[in-house]
Amino acid sequence: MKASEADILIVPGYTNSGPHHWQTRWEQKLTTARRVEQDQWSKPVREDWIARVAEEVNCATRPVVIIAHSLGIPTVIHAIPLFTKPVVGAFFVAPPEVDNPSIRPRHLQTFGPYPRDPLPFPSLTIASRNDPFGSYEHADDIASAWGSMLVDAGEAGHINQDSGHGPWPEGTMVFAQFLSRLKP
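Anyway, here's the lowdown on the structure attached to this text.

### Here's the deal with the pattern of salt bridges
Applying the stated rule across the entire model yields eight salt bridges. Between Arg129 and Asp152 there is a salt bridge, with the nearest N and O atoms lying 2.8 Å from each other. Pair noted here: Arg129 is in the loop between β5 (123-127) and α4 (136-146) and Asp152 is in strand β6 (residues 149-152), with a separation of 23 residues, a long-range link. The class for Arg129 is partly exposed, based on a relative accessible area of 44%. Here Asp152 falls in the partly exposed class, since its relative accessible area comes to 38%.

### Focus on helix α1 (residues 22-29)
Among all positions in α1, only Trp22, Gln23, Thr24 and Trp26 are buried. Of the surrounding elements, those touching the buried residues of α1 are β1 (7-11), β2 (33-35), β3 (64-69), β4 (87-93) and α5 (169-180).

### Concerning α4
Along α4, the residues classified as buried are Tyr136, His138, Ala139, Ile142, Ala143, Ala145 and Trp146. Where the residues of α4 are buried, they touch α3 (72-79), β4, β5 and β6.

### Describing the sheet that holds β5
The sheet built from six strands is open, its strands ordered β2-β1-β3-β4-β5-β6 with parallel pairing. Strand pairing shows two members of the sheet lacking a second neighbour, β2 and β6, which therefore form its edges. Ignoring strand direction, the axes of neighbouring strands in this sheet form an average angle of 20 degrees. Judged from the four bridges that link them, β4 and β5 form a sheet pairing that is parallel. Its bridge partner being in β5, Phe91 is matched across the sheet by Leu124. Each of β1, β2, β3 and β4 is contacted by helix α2 (residues 46-58), which is oriented at about 170 degrees to β1, the strand it contacts most.

### Structural notes on the pairing of β3
When you tally the buried positions in β3, you get six out of six residues, the bulk of the element. Going residue by residue along β3, you find Val64, Ile66 and Ala68 tucked away on one face and Val65, Ile67 and His69 tucked away on the opposite face as well. Relative to β3, β1 runs parallel, the two being bridged by five bridges. Bridging across to β3, Val11 finds its partner in Ala68. Looking at chain direction, β3 and β4 are connected through six bridges and run parallel.

### A look at the packing of α2 against α3
Running from amino to carboxyl end, α2 crosses α3 at an angle of 70 degrees, the nearest separation of the two axes being 8 Å. Judged by the angle between their axes, α2 and α3 are roughly perpendicular. Of α3, the residues touching α2 (which contributes Arg46, Trp49, Ile50, Val53 and Ala54) are Thr75, Val76, His78 and Ala79.

### Some remarks on the environment of Asn16
Relative to the helices and strands, Asn16 is located in the loop between β1 and α1. The partly exposed category is assigned to Asn16, whose relative accessible area is 23%. Expressed as a C-alpha distance, the spacing of Asn16 and Thr61, which sit 45 residues apart in the sequence, is 25 Å. Among the polar contacts made by the side chain of Asn16, one reaches the side chain of Arg35 at a distance of 2.5 Å.

### As for the packing of aromatic side chains
In the structure shown here, the tally under the stated rule is eleven aromatic pairs. Linked through ring pairs, Trp22, Trp26, Phe91, Trp168, Phe175 and Phe178 together constitute an aromatic cluster. Across from the ring centre of Tyr136, 3.8 Å away, lies the NZ or CZ of Arg129, which sits over that ring.

### Notes on the environment of Phe175
Here Phe175 is to be found in helix α5. Among the residues examined, Phe175 registers a relative accessible area of 4% and is labelled buried. It is 9.0 Å that separates the C-alpha atoms of Phe175 and Ile67, two residues lying 108 residues apart in sequence. Those residues in contact with Phe175 that sit more than four places away from it in its chain are Ile8, Trp26, Leu30, Val65, Ile67 and Phe91.

What counts, and at which threshold
Residues numbered from 1 in each chain as written. Predicted model: local features only at pLDDT ≥ 70, side-chain atom pairs only at ≥ 80, totals over all residues. Heavy atoms only, no water. Salt bridge = Lys/Arg side-chain N within 4 Å of Asp/Glu carboxyl O. Helix = DSSP H or I, 4+ residues; strand = E, 2+ residues; numbered from the N terminus. Buried < 20%, exposed > 50% of the residue type's maximum accessible area, 1.4 Å probe, protein only. Contact = heavy atoms within 4.5 Å. Pairing = 2+ DSSP bridges. Axes fitted to C-alpha atoms, helices over the stretch in contact; angles between N-to-C directions. Parallel < 35°, antiparallel > 145°, perpendicular 65-115°, else oblique. Polar contact = N/O pair within 3.5 Å; in protein donor to acceptor, adjacent residues only side chain to side chain. Phe/Tyr/Trp six-rings, centres within 6.5 Å; stacked < 30°, edge-to-face > 60°. Lys NZ or Arg CZ within 6 Å of the ring centre and 35° of its normal.

Shown next as structure tokens:
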């Protein structure tokens, strides 16, 4: 599949993705990409975030490919039962442990636990060995439950601008390979 054949939905996490974050850069380069905007980036309300993702998927005019980072991942996973349009793939980066009481801020726990049912579309999950918001073992466990291919990013922090992943060319290459394997 080519990017031009899909509606690419960028689903940021808590506090959104800033101007130098890889998600923002990808959104600017991919002509069919658009960000799922949330009303409350700093005080996420699970039901509102889920409804907004479902709304964006359901108004798509082409097959949907999702690119979710951090809290965007449980938002997408919880929204799946509300999708009425086809999602052909999801690219998940840095899944947080939303059911871990030691992860801060605490209100992120309202997005947990993750549903563990196999996903109805192909997915790829990229996780770091030293992500402060989620362990690699947790990412491995949920990716396995979902039937998602897991990619080990090594010691890459939260795979965001703070961990040095502004342009993130390695991620671009992995996404391009993933996209090329999807069927419209």
